[in-house]
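In case you want the letters, here they are:
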Amino acid sequence: MEGESSKRTAPPPPSKGLLQTPELYQYVLETSVFPREPQQLKELRDLTATHPRAMMATAPDAAQLMGLLIKLIDAKKTIEVGVFTGYSLLLTALSIPHDGKITAIDMSRESYEIGLPVIQKAGVEHKIEFVESEALPALDKLVKDEGNEGSYDFAYVDADKVNYWNYHERLMKLVRVGGIIAYDNTLWGGTVAIPPDSVAGSHRGGTEATIQFNKSLAADPRVDISLTPLGDGITICRRIY
Ligand SMILES: C[S@@+](CC[C@H](N)C(=O)[O-])C[C@H]1O[C@@H](n2cnc3c(N)ncnc32)[C@H](O)[C@@H]1O
């Protein structure tokens, strides 16, 4: 990863993490995640902490795994669906090579611009093409544009849960065989495994969509999968064919 490691630690994002106790999650963050978090990422995390929707940012432990995966497969050309203020985007930009490219899609440029000064300071803005759009039409356009099919090494999806399967179908065309697609929030705060009546009304749509998505992915022979209980659950898929 480009950039220095952060030496200081910060409190964990509230109520992220699915481990036995908050202390255990704090332990993971303090021993293994924060000490290796580049300074610019920490800066972006701190900047986002005061945002009323700060909880939307990718959990630092899940992001750390993403960075590792990106490097393991030498990913150079990537897609991100759901940027918010850019924590996972900056992580990706720091993890790919200098001439790597990220197509980053979000319908809110305003959120992206909150973190943009940190991205610029980190010297990685040139790797990012920000597309201000609904994700589905933007992905459809990528599929149509010549030379894109099977050309991406890595994709990360962290947007509206009800469309995850629609994104999956497009990304299966865009990501190469052997490439990786990671989906965030696949445990949706643990609500996928509690009685539907106990799920708060505001969460129910996301819960149902996530349960269905997890089932569909498990039945998809085109990918190897691992639902990893980091952050809010992150499912890693490797395209087989
Ligand atoms: C959970 S946040 C992304 C967090 C980000 N990965 C990070 O690490 O900070 C979800 C983002 O998806 C965007 N989004 C939600 N639905 C979308 C859609 N249909 N098309 C494009 N962007 C969408 C929202 O604007 C929001 O910024």
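Residues numbered from 1 in each chain as written. Predicted model: local features only at pLDDT ≥ 70, side-chain atom pairs only at ≥ 80, totals over all residues. Heavy atoms only, no water.

## Points about the nonpolar core
Leu89, Leu90, Tyr112, Ile119, Ile128 and Phe154 are the most contacted members of the largest nonpolar core, which has 37 residues in total. Residue contributions to this core peak at six residues, all from helix H4 (residues 87-95). Aside from chain neighbours lying at most four places away, what touches Phe154 is Met66, Ile70, Ile73, Ala75, Lys77, Thr78, Ile79, Ile180 and Ala182. Val81, Tyr164, Leu174 and Val223 belong to the second-largest nonpolar core, a separate cluster that totals 23 residues. (Core = buried A, V, L, I, M, F, W, Y, C linked by side-chain atoms within 4.5 Å. Buried < 20%, exposed > 50% of the residue type's maximum accessible area, 1.4 Å probe, protein only. Helix = DSSP H or I, 4+ residues; strand = E, 2+ residues; numbered from the N terminus. Contact = heavy atoms within 4.5 Å.)

## A few points about helix H5 (residues 109-121)
Between its first and last C-alpha, H5 extends 18 Å over 13 residues, near the 18 Å set by a 1.5 Å rise per residue. For H5, the full list of buried residues reads Ser111, Tyr112, Gly115, Leu116, Val118 and Ile119. If you follow the buried residues of H5, they end up packed against helix H2 (39-48), H4 and strand E3 (128-132). Count one or two residues on from H5 and you reach Gly123, which has phi positive near 75°. (Expected span 1.5 Å × (residues − 1).)

## Here's the deal with the site of the ligand
Thr58, Ser88, Asp106, Ala135 and Asp158 are the nearest of the 18 residues found near the ligand. Take Ser88: an N or O atom from its side chain is 2.8 Å from a nitrogen atom of the ligand. Contact distances for the ligand include 2.9 Å between a nitrogen atom and a backbone N or O atom of Ala135. Class assignment for the residues of the shell around the ligand results in ten nonpolar, four polar and four charged. (Near = heavy atom within 4 Å. Polar contact = N/O pair within 3.5 Å; in protein donor to acceptor, adjacent residues only side chain to side chain. Nonpolar A, V, L, I, M, F, W, Y, C, P; charged D, E, K, R; others polar.)

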